[in-house]
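# Fold and contact review
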Amino acid sequence: MNRREFLKLSAVAAMSMFLGDLKMVEAKTFSKKIDFHAHAMLPSYLEGLKKLKIDAPAEEGFPLPKWSVENHLKFMADAGIDFSVLSMPTPHIYNGAENEKISIEVAREINEDLAALCKKYPDKFGFVAVLPMPSVEGSIAEIKYATEKLGALGVKVASNSDGVYLGDEILNPIFEELDKRNSLVILHPSPARKLPREKVVTGKVMALFEYPADTTRAILNLLANGTLEKFSNIKLVVPHCGSFLPYMKQRAGAMFQMLASMNLMPPADISAGLKNLYFDLAGDPMPEEMDILLKITDVQHLIYGSDFPYVLTPILLKKKQALDSELANRNWLEKIYTENAKILMEA
């Protein structure tokens, strides 16, 4: 499903609610629920990791979860999710410049498989394309092919690709292409190249600390280098309740000012930059994380994310139940699940 088809479907749903009687309105008001953080472990991805000699369990400190379309659809039905935006997980499909050609080929294979899955279930799945970053030529070619030929809703980018972080000027041509297209860009963490992996728990399991740390590192780099200000048409989604950004807003803001005064970096307004980002609620938004996140953003920039299948389904359902209860109390269900989602889907 492409963006235009999604918006058309949403309009039909809205009209059916408007025309229905009161009972139907109550039942359908929050029926079009969108999940912006969901992964599909397709054979092309698993085979691609092998071609690139990437050992996922060793890199992540955690085995890749099992996935099937049947289990994903069942989770969606049980959770009351109507549409999921699929993206590739970590590890990122790049393993050195010497293997760049393979990365480009693997990206194409994955995106074609994702497109085929979404074509089979157009009312359930859309996808954001994987890019062979930091390959500039390969990534731009894949943006064009995936969006124009395959119907991708946008792209997924890793926080760093083989040590090249978002915000590095080397990647500017890629961001320029995305900016031209008003692209939806979903960020996903990728572990830093060198970590203290021995005798320290944060270096063993990436999801514990390194995922939010690297997400934060990438966003701060984007803000410090003015990338998001320069390419302001991009709609960037930050995962996992903003990672460490709520804490870093005040600290980084003060440091940015000090560094700029010493001519060590250009001036950067971190508060203004954060206001333009979108944040998914994957992870543990309740009972505290959402309120912490709201210190740096507002409800207009929150969207739902499940992180399926990385968390066991019963746990995900309990988390979603707690979140939905809180959103209902605040009268935010439709805003987060539907209205904000439609903004991100607009071309």
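Reference entry: report on the structure contained in this document. The model shown is predicted, which means the values in this text are computed figures rather than measured ones.

Cut-offs and rules
- Residues numbered from 1 in each chain as written.
- Predicted model: local features only at pLDDT ≥ 70, side-chain atom pairs only at ≥ 80, totals over all residues.
- Heavy atoms only, no water.
- Helix = DSSP H or I, 4+ residues; strand = E, 2+ residues; numbered from the N terminus.
- Polar contact = N/O pair within 3.5 Å; in protein donor to acceptor, adjacent residues only side chain to side chain.
- Contact = heavy atoms within 4.5 Å.
- Axes fitted to C-alpha atoms, helices over the stretch in contact; angles between N-to-C directions.
- Parallel < 35°, antiparallel > 145°, perpendicular 65-115°, else oblique.
- Left-handed = near helix turned anticlockwise from the far one by under 90°.
- Nonpolar A, V, L, I, M, F, W, Y, C, P; charged D, E, K, R; others polar.
- Core = buried A, V, L, I, M, F, W, Y, C linked by side-chain atoms within 4.5 Å.
- Buried < 20%, exposed > 50% of the residue type's maximum accessible area, 1.4 Å probe, protein only.
- Expected span 1.5 Å × (residues − 1).
- Bend = angle between axes of the 7 residues up to and from the residue.
- Salt bridge = Lys/Arg side-chain N within 4 Å of Asp/Glu carboxyl O.

### Concerning the side chain of His188
Following the sequence through the fold, His188 ends up in strand β7 (residues 184–188). A distance of 3.4 Å separates the side chain of His188 from the side chain of His39, its partner in a polar contact. If we skip the residues at most four places from it in the chain, His188 touches His37, His39, Pro89, Thr90, Lys156, Val157, Ala158 and Ser159.

### Let's talk about the packing of helix α7 (residues 136–148) against helix α8 (residues 172–180)
At a minimum axis separation of 9 Å, α7 and α8 run at an interaxial angle of 15°. The angle between α7 and α8 falls in the class roughly parallel. α8 is crossed by α7, and the crossing has right-handed handedness. Contact residues: α7 offers Val136, Ser139, Ile140, Ile143 and Lys144, while α8 offers Pro173, Ile174, Glu177 and Leu178. Its residues placed into classes, the contact of α7 with α8 shows six nonpolar, one polar and two charged.

### Points about the nonpolar core
Ile93, Phe127, Leu166, Ile219 and Leu236 are the most contacted members of the largest nonpolar core, which totals 87 residues. The contacts of Leu236, once residues within four sequence positions are left out, are Val185, Leu187, Ile219, Leu222, Leu228, Leu277 and Tyr278. By size, the runner-up hydrophobic cluster in this structure holds 14 residues, among which are Phe36, Val85, Leu153 and Met345.

### Section: helix α15 (residues 333–345)
When the terminal C-alpha atoms of α15 are compared, their 18 Å separation across 13 residues agrees well with the 18 Å that a helix rising 1.5 Å per residue should span. Largest kink in α15: about 25°, centred on Glu339. Looking only at α15, the buried set comprises Leu333, Ile336, Tyr337, Thr338, Asn340, Ala341, Leu344 and Met345.

### A short note on the pattern of salt bridges
Proximity of charged atoms lets side chains of opposite charge pair with each other. This structure, assessed with the given rule, holds 15 salt bridges. Here Asp78 makes a salt bridge to Lys74, at a shortest N to O gap of 2.8 Å. In this pair, Asp78 and Lys74 both sit in helix α5 (residues 69–79), four residues apart, roughly one turn of the helix. In this structure, the salt-bridge partner of Lys319 is Asp284, at a minimum N-O distance of 3.0 Å. On the criterion of sequence distance, the pair formed by Lys319 in helix α14 (residues 313–330) and Asp284 in the loop between β9 (278–280) and α13 (285–293) is long-range, its members being 35 residues apart. Where salt bridges share partners, they join Lys33, Lys320 and Asp324 into one cluster.

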